[in-house]
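Each chain, written out:
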Amino acid sequence: MKKKILYYMLATLALYLPVSCNTLDIENISDYDAEKVWNDEKLVNAYMANLYAGIFGNWSVDADQKSQQLTGIHFYDNRVTVTNSEYKRWDYTTIRLINEAIENTQNGNLSDDIKEGVIGQALFLRAYMYFRMVYYHGGVPYLTKPQDKDKDDLYVYRNSTKECFEYIVRDLDEAIRLLPRKNESSSGNYGKVDASFALAFKAKVLLYKASPQFNPGNPWDNSYWQEAYAVNAEAYTTLKDRGYALTADYSDIFLVERGPEVVFAVINSYPNKTASWDHGVRPGSESRDNARACPTWEFVKEFPMKDGKLYNDPTGNYFVPDDVFLQSYWENRDPRFEKSVVWNAAVYEVSRKTNNRQYTSLGIAHELDDFGVNPKANINSTNLNRYSGFFILKASDLSLLQSETQQYNIDYIVMHFAEVMLNYAETANETGRHEEAIHILKAIRERAGIEPGADGLYGLYVSNREEIRKAILAERNIEFCFEGMRFWDLRRLRMLDRLDKQTKHGVEAIAIHPDGSEISIATAKEKAGLNELTEKDFYYQVWQIPFTGVQVTSVPDRYYFFPIQQSAIDRNSNLQ
């Protein structure tokens, strides 16, 4: 697909952009000549493009290291403190730039329709930024105009969390009013915020507002759930009427760009804008460096079987005990498994290699791909603290050659329709509309390719509110794997105990004969070079990872809200 480059920067813009500053840190604010920017549509668009690039980010390979999905002990004891900069969202530099865009556009000489579009986008971006700050820290100072250091009181107080949610929704409502309904994929405005994304995001904001993170005393029956349901139902129905739908093939959500499921995406276009996804997920022998994150054995076990039930569910058609499952974990799985994960001896036609199989066995696999401690290999793996015997396949562009992995330019999807659907399902369930929630879950599983079963429930246990709640969370875990959502879902639902004090594991593969005896490394390596060894030609054993260093995740309850950095408090005595 030929891409229209939307995220361009004009060299002349550097002459007019303000120097970075943080109003709440009471630093000097440099001015720029507003007339030269805000009366010129091209410079205004460039200014907004610069905001977009800084706010929405791009693909992040290790986003789910915070959860059980990927290797790496991300949270160790006291990782988040008031004195370090980690897990702090306090970006009043960007807030000031957004507020300047709103104020100066209103006062500029652009046409009314251009003004409305820019102000609508800026209001959305302000709401988006404040929402991220609120789910990090709770209530924050909600500034809606650029502060003047000579006229305004810079020692501002924090607004309450409730007030912040109200202001966020107010900004989003105004953005929805001003923005076009939908920027079609063929439109020159594709890649800019539209009213459809703004409505879907408003629904997400209200889901958070109702969730246990913000309502620990009354997590499931507070009045905010009804408000959240109304807007989430509206978002689902409205976007569906506007043509949004699930992409037919799960693999194609990301790989076939501008599909019906994309609600909002960051446009990548080589060589102007690329991302590091393939460079980070591929085995080292197929990239320019080692893979930065790998799926864990814990997560591999969480994928359902083809009938939608877990492997150890005795009522399932594909039930197997734990010891048997370890030796056949790739068989009869939810089709999303083989579209998301690469395992030992799996067919992996990377770099345009037909019928290629990917091996991870020590002494057999490439040294940049191996995982294990088999003494008969007469070599030590250098990957024991970062690999797991699995790699990420989801969203990987296998057509790229090894030398091209840093040219990855597939659009980064910030929100897709499946999230709109599952957000809606959650609010429907918590307000007693169970059939609506079940309908959504069945649609997601039908698209995934799971067998419907005699009861047509696709393996779901959904006889009551608690079971549906559990099913929705499990579905989000699989549907959005490696997209960076899992930790935030658990935090929003006050379920961080599922991660606290947990370990992570990988799986070593050892080549064997049909009778179970080991194949010599030399023979196995020769067969692997011809792609002759299949998954069944290996014995599997589990190892805790990393082998050295911190091995237990530490996610205490105090992480339901992260602290404001002490240095920010020191500069403003009214912050608490």
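Residues numbered from 1 in each chain as written. Predicted model: local features only at pLDDT ≥ 70, side-chain atom pairs only at ≥ 80, totals over all residues. Heavy atoms only, no water.

*Asks:* Looking at this structure, how should I read the overall build of the protein chain?
*Replies:* The number of helices and strands found in the protein chain is 18 helices and eight strands. Compactness check: the protein chain gives a C-alpha radius of gyration of 25 Å against a globular reference of 25 Å for 576 residues, within 12% of the reference. By principal-axis analysis of the C-alpha atoms, the protein chain measures approximately 80 × 55 × 50 Å. Taking all 576 residues of the protein chain together, 59% fall into the buried category. If you sum the accessible surface of the protein chain, you get close to 23500 Å²; carbon and sulfur atoms cover 47% of it. The positive charge centre, built from 65 side chains, and the negative charge centre, built from 80, are 2 Å apart in the protein chain. (Helix = DSSP H or I, 4+ residues; strand = E, 2+ residues; numbered from the N terminus. Rg over C-alpha atoms; globule rule 2.2 N^0.38 Å. Buried < 20%, exposed > 50% of the residue type's maximum accessible area, 1.4 Å probe, protein only. Areas by Shrake-Rupley, 256 points an atom, 1.4 Å probe, with all protein chains shown as cover. Lys, Arg positive; Asp, Glu negative; His and termini not counted. Charge placed at Lys NZ, Arg CZ, Asp CG, Glu CD.)

*Asks:* Which parts of the structure should I look at to understand a negative patch on the surface?
*Replies:* On the surface, Asp 40, Glu 41, Asp 112, Asp 113 and Glu 116 cluster together to form a negatively charged patch. In terms of residue count, helix H4 (residues 112-137) provides more of the negative patch than any other element does, three residues in total. Mapped onto the elements of the fold, Asp 40 is located in the loop between helix H1 (34-38) and helix H2 (41-56). (Patch = residues over 30% accessible without salt bridge, like charges linked within 9 Å, V, L, I, M, F, W, Y side chains within 5 Å. Salt bridge = Lys/Arg side-chain N within 4 Å of Asp/Glu carboxyl O.)

*Asks:* Would you mind showing me how to read the nonpolar core here?
*Replies:* Side chains that are nonpolar tend, in soluble globular proteins, to be buried together. Judged by nonpolar contacts, the single largest core of 166 residues is most densely connected at Met 48, Phe 56, Phe 124, Phe 197 and Tyr 329. No other element matches H4, which puts 15 residues into this core. With sequence-adjacent residues up to four places away left out, Phe 56 is seen in contact with Phe 124, Leu 125, Tyr 128, Val 193, Phe 197, Phe 264, Val 266, Tyr 412 and Val 414. If you look at the next biggest cluster of nonpolar residues, it comprises 11 residues, including Cys 294, Val 342, Tyr 387 and Ile 545. (Core = buried A, V, L, I, M, F, W, Y, C linked by side-chain atoms within 4.5 Å. Contact = heavy atoms within 4.5 Å.)

*Asks:* Even after reading the chapter, I still don't get H2, so can you show me in this structure?
*Replies:* Given 3.6 residues per helical turn, the α-helix brings residues three or four places apart onto the same face. Between its first and last C-alpha, H2 extends 22 Å over 16 residues, near the 22 Å set by a 1.5 Å rise per residue. Leu 43, Val 44, Ala 46, Tyr 47, Met 48, Ala 49, Leu 51, Tyr 52, Ile 55 and Phe 56 are the residues of H2 that are buried. Considering only its buried residues, H2 is in contact with H1, helix H3 (92-107), H4, helix H6 (195-210), strand E1 (262-266) and strand E6 (412-416). In this structure Asp 40 caps H2, since a side-chain oxygen of it lies 2.9 Å from the backbone nitrogen of Lys 42. Phi turns positive one or two residues past the end of H2, at Gly 57, with a value near 70 degrees. (Expected span 1.5 Å × (residues − 1). Polar contact = N/O pair within 3.5 Å; in protein donor to acceptor, adjacent residues only side chain to side chain.)

*Asks:* Hey, could you run me through the pattern of salt bridges in this one?
*Replies:* Two side chains of opposite charge can pair, provided their charged atoms sit close to one another. One pass over the structure, following the stated rule, counts 31 salt bridges. Here Asp 171 and Arg 126 are joined by a salt bridge, their closest N and O atoms 2.8 Å apart. Here Asp 171, found in helix H5 (residues 161-178), pairs with Arg 126, found in helix H4; they are 45 residues apart in sequence, far enough to count as distant. Taken as a pair, Asp 171 and Arg 126 share a single burial class, namely buried. For Asp 489, the salt bridge is made with Arg 476, and the minimal N-O distance between the two is 2.9 Å.

*Asks:* Would you mind going over the confidence of the model for the protein chain with me for this structure?
*Replies:* Predicted coordinates in areas of low pLDDT are best not read in detail. Confidence in the prediction of the protein chain, expressed as mean pLDDT, is 93, and 93% of residues score 70 or more. Low pLDDT (under 50) marks residues 1-31, which in the prediction has 86 contacts with non-local residues, meaning those over four places away or in another chain. (pLDDT = per-residue confidence, 0-100.)

*Asks:* Just to check I follow, could you spell out the packing of H6 against helix H7 (residues 224-241) for this structure?
*Replies:* Helix packing geometry: the angle between the two helix axes and the distance between the axes. Between H6 and H7, the shortest axis-to-axis distance is 8 Å and the interhelical angle comes to 155 degrees. What the angle tells us is that H6 and H7 run roughly antiparallel. Judged by the twist between their axes, the crossing of H6 over H7 is left-handed. Contact residues: Ser 196, Leu 199, Ala 200, Lys 202, Ala 203, Lys 204, Leu 206, Leu 207, Lys 209 and Ala 210 in H6; Tyr 224, Trp 225, Glu 227, Ala 228, Val 231, Asn 232, Glu 234, Ala 235, Thr 238 and Leu 239 in H7. (Axes fitted to C-alpha atoms, helices over the stretch in contact; angles between N-to-C directions. Parallel < 35°, antiparallel > 145°, perpendicular 65-115°, else oblique. Left-handed = near helix turned anticlockwise from the far one by under 90°.)

*Asks:* Looking at this structure, how should I read the packing of aromatic side chains?
*Replies:* What describes a pair of aromatic rings is the distance from one ring centre to the other and the angle between the planes of the rings. Tallied over the full model, the rule gives 59 aromatic pairs. Considering the side-chain rings of Tyr 135 and Trp 488, the 5.4 Å spacing of their centres and the 65 degrees angle between planes classify their relative orientation as edge-to-face. Taken together, the residues Tyr 135 in helix H4 and Trp 488 in helix H16 (residues 486-492) connect sequence positions 353 residues apart. Since its relative accessible area comes to 12%, Tyr 135 is described here as buried. The ring of Phe 337 carries the charged tip of Arg 333 above its face, separated from the ring centre by 4.8 Å. Stacked on the ring of Trp 220, the Lys or Arg Arg 469 has its end atom at 3.6 Å from the ring centre. (Phe/Tyr/Trp six-rings, centres within 6.5 Å; stacked < 30°, edge-to-face > 60°. Lys NZ or Arg CZ within 6 Å of the ring centre and 35° of its normal.)

*Asks:* I tried to follow the side chain of Thr 427 on my own but got confused; where do I start?
*Replies:* Mapped onto the secondary structure, Thr 427 falls in helix H13 (residues 417-430). For Thr 427, a relative accessible area of 0% corresponds to the buried category. Apart from residues lying up to four places away in sequence, Thr 427 is in contact with Leu 207, Trp 225, Ala 228, Tyr 229 and Asn 232.

*Asks:* Please clarify how H3 should be interpreted in this entry.
*Replies:* Helix length check: H3 (16 residues) gives 22 Å between terminal C-alpha atoms against 22 Å at 1.5 Å per residue, within 8%. Extensive coverage of H3 is indicated by the burial of 13 of its 16 residues. Its side-chain oxygen at 3.4 Å from the backbone nitrogen of Thr 93, Asp 91 defines the N-terminal cap of H3.

*Asks:* What should I look at first to understand the packing of H4 against H6 in this one?
*Replies:* At a minimum axis distance of 11 Å, the contact between H4 and H6 shows a crossing angle of 20 degrees. By the criterion of interaxial angle, the relationship of H4 to H6 is roughly parallel. H6 is crossed by H4, and the crossing has left-handed handedness. Residues Phe 124, Ala 127, Tyr 128, Phe 131 and Tyr 135 of H4 form the contact with H6, whose participating residues are Phe 197, Ala 198, Phe 201, Val 205 and Tyr 208. Across the contact of H4 with H6, the residue classes tally to 10 nonpolar, no polar and no charged. (Nonpolar A, V, L, I, M, F, W, Y, C, P; charged D, E, K, R; others polar.)

*Asks:* Where do I start with the pairing of strand E7 (residues 504-511) in this structure?
*Replies:* Burial runs high along E7: eight of the eight residues are buried. Neither face of E7 is exposed, since Lys 504, Gly 506, Glu 508 and Ile 510 on one face and His 505, Val 507, Ala 509 and Ala 511 on the opposite face are all buried. Pairing of E7 with strand E8 (residues 538-545) involves eight bridges; the strand directions are antiparallel. Residue His 505 lies in a different strand from E8, and its bridge partner there is Gln 544. (Pairing = 2+ DSSP bridges.)

*Asks:* What is the right way to look at the state of the cysteines in this model?
*Replies:* Should the sulfur atoms of two cysteines be covalently bonded, the bond is a disulfide. A complete count under the given rule lists zero disulfides for this structure. Cys 481 supplies the cysteine sulfur nearest to Cys 294, a cysteine that is in no disulfide, at a spacing of 14 Å. (Disulfide = S-S within 2.5 Å.)

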